[in-house]
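Geometric and topological summary
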Amino acid sequence: ARQLQVVGAIQRRFNEHWHADINASYYWLDYENDTSAQRAFYGWDRWNVGTELGFAPSRWTDIILSGAYMGYSQDNMDGSTYSGDSDGFSVQAGLGSYMTERISYRVLAGWSRFSYADDLTTDDGFVYTVSGNWKIGETWNTMLLATSYYQPSERQYASSSRIDAISWGIAKLMVRGKLRATFDIRYRRETHDYARANLSPDYILNIWTGRLGLDYSICRLLSVFTYAEYQKSMNDESRNCNGAYDYDRWRITAGVKLSY
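Residues numbered from 1 in each chain as written. Predicted model: local features only at pLDDT ≥ 70, side-chain atom pairs only at ≥ 80, totals over all residues. Heavy atoms only, no water.

A count of helices and strands for the chain gives zero helices and 13 strands. Ordering the α and β elements of the chain from the N terminus gives β-β-β-β-β-β-β-β-β-β-β-β-β. Counting all 260 residues of the chain, 35% fall into the buried class. Residue pairs at least 24 apart in sequence account for 51% of intrachain contacts in the chain once pairs closer than 6 positions are excluded. Accessible area of the chain: about 15700 Å², with a carbon and sulfur share of 57%. (Helix = DSSP H or I, 4+ residues; strand = E, 2+ residues; numbered from the N terminus. Buried < 20%, exposed > 50% of the residue type's maximum accessible area, 1.4 Å probe, protein only. Contact = heavy atoms within 4.5 Å. Areas by Shrake-Rupley, 256 points an atom, 1.4 Å probe, with all protein chains shown as cover.)

Quick look at the structure:
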């Protein structure tokens, strides 16, 4: 698979109470499918534009309202009678807080609506975004993240997926702050919904991922990194798809990061 992601944001604090930001992103996912040897996977282009408005009644607490619009163009099989264009929106509200100097969190909840295959059918439901950060000491930090959203399925055209994911990670600074070691684990639940029941039965995937990483800062602008990752995907037995998407995967990645 090939991927490209671009993300940008503009933030503005108007005074000690009010602040806002506008953000946008583009994500491209492409699979080079060999359908003679495997089932096809379907990539897409995704555009996302969002905004967030916050009111801070005190230096410890934020009241937050956010909204986003998403547009997708999904790859389809040649000759498909279904459109690959989809769009959706989400609205969430909640709180952000510094419980102490070292512990902070954000909890947002709301509603999302996703129309796929050019309004062939629609999914909507409750969505959430939760994050928490704890600076345990001068060199230790831990974070918890949880989120839910809708997107096109990567495996079937004219279909969508609801994603529910939760992850936890811990990081340790070493070598006078130049070397950062990390460990994180993530659970991801993919619930697949089809536009037409006769295409294929709906199914659920449970995906576990564990990762170890090292990041070394050479200078303020340049760092190198590597991480090892293990991932296991399992079909939920309550909705059988004959283990078609069960797999185990090991992956080692190394790279260079430039920052400005």
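Before going further, it helps to spend a moment on the layout of surface pockets. Computed from the structure, the second largest pocket encloses a volume of approximately 330 Å³. Asp62, Gly96, Ser97, Tyr98 and Arg106 are the residues nearest the centre of the second largest pocket, which is lined by 18 residues in total. Grouping the constituent residues of the lining of the second largest pocket by class yields five nonpolar, eight polar and five charged. (1 Å grid on protein atoms, 1.4 Å probe; cavity = no way out; pocket = protein on both sides within 12 Å on 5 of 7 lines; lining within 4 Å. Points joined across faces, edges and corners; volume = space filled by probe spheres on them. Nonpolar A, V, L, I, M, F, W, Y, C, P; charged D, E, K, R; others polar.)

Positive phi, close to 55 degrees, is recorded for Val175, a residue that is not glycine. You can see Val175 is positioned in the loop between strand 9 (159–174) and strand 10 (179–194). For Arg176, which is not glycine, the phi torsion reads 55 degrees and is therefore positive. Relative to the helices and strands, Arg176 resides in the loop between strand 9 and strand 10.

Summed over all chains, the structure comprises 12 salt bridges. Each of the salt bridges in this network shares a partner with another, and the network as a whole consists of Glu229, Arg249 and Arg251. (Salt bridge = Lys/Arg side-chain N within 4 Å of Asp/Glu carboxyl O.)

As a further point, take the packing of aromatic side chains. Evaluated as defined, the whole model comprises 11 aromatic pairs. Ring geometry for Phe225 versus Tyr227: centroids 6.5 Å apart, planes at 15 degrees, classification stacked. Aromatic pair Tyr230 and Trp250: ring centres 4.9 Å apart, planes at 45 degrees, arrangement tilted. One end of the pair, Tyr230, is in strand 12 (residues 222–235); the other, Trp250, is in strand 13 (residues 247–258), with 20 residues separating them in the sequence. Taken together, Tyr27, Trp44, Tyr72, Phe114 and Tyr116 form an aromatic cluster joined through their ring pairs. A cation sits over an aromatic face here: Arg59 above Trp60, 4.4 Å from the ring centre. Residue placement shows Arg211 over the ring face of Tyr227; its charged tip is 4.8 Å from the ring centre. (Phe/Tyr/Trp six-rings, centres within 6.5 Å; stacked < 30°, edge-to-face > 60°. Lys NZ or Arg CZ within 6 Å of the ring centre and 35° of its normal.)

Let us look at the environment of Gly94. Along the chain, Gly94 turns up in strand 5 (residues 85–98). In sequence terms Gly94 and Ile63 are 31 residues apart; their C-alpha atoms lie 6.1 Å from each other. With residues up to four places along the chain from it excluded, the contact list for Gly94 reads Asp62, Ile63, Ile64, Val107 and Leu108.

A separate point is the confidence of the model for the chain. Considering every residue of the chain, the mean pLDDT works out to 87; 90% of them sit at 70 or more. Model confidence for the chain, summarised as mean pLDDT per element, is weakest for strand 1 (residues 2–13) at 90 and strongest for strand 12 at 94. (pLDDT = per-residue confidence, 0-100.)

A few words on the pairing of strand 7 (residues 121–134). Relative to strand 7, strand 6 (residues 103–116) is paired through 14 bridges, and the arrangement is antiparallel. Considered in strand 7, the bridge of Trp111 is made with Phe126. Counting the residues that bridge the hairpin from strand 6 to strand 7 gives four residues, and of these Ala117 lies at a positive phi of roughly 55 degrees. As judged from the six bridges shared by strand 7 and strand 8 (residues 140–152), these two strands associate in the antiparallel manner. (Pairing = 2+ DSSP bridges.)

Time to look at the nonpolar core. Most often, soluble globular proteins keep nonpolar side chains buried together rather than apart. Counting 12 residues, the largest nonpolar core is built from Tyr27, Leu29, Trp44, Met70, Tyr72, Tyr82, Phe114, Tyr116, Ala117, Val127, Tyr150 and Ala158. Counting residues in each nonpolar core, the second largest holds five residues, with Tyr194, Tyr203, Leu205 and Ile207 among its members. (Core = buried A, V, L, I, M, F, W, Y, C linked by side-chain atoms within 4.5 Å.)

Another aspect to go through is the environment of Tyr82. Counting through the fold element by element, Tyr82 comes out in the loop between strand 4 (61–74) and strand 5. For Tyr82, a relative accessible area of 19% gives the class buried. With 76 residues separating them along the chain, Tyr82 and Ala158 place their C-alpha atoms 5.9 Å apart.

Here Asn48 is to be found in strand 3 (residues 44–58). Classification of Asn48 by relative accessible area gives buried; the value is 17%. Setting aside its immediate chain neighbours within four residues, Asn48 contacts Asn23, Ala24, Ser25, Ala68, Tyr69 and Met70.

For the rest of this paragraph, the subject is a negative patch on the surface. There is a patch of like negative charges on the surface, built from Asp85, Asp87, Asp118 and Asp119. In this fold, Asp85 is placed in strand 5. (Patch = residues over 30% accessible without salt bridge, like charges linked within 9 Å, V, L, I, M, F, W, Y side chains within 5 Å. Lys, Arg positive; Asp, Glu negative; His and termini not counted. Charge placed at Lys NZ, Arg CZ, Asp CG, Glu CD.)

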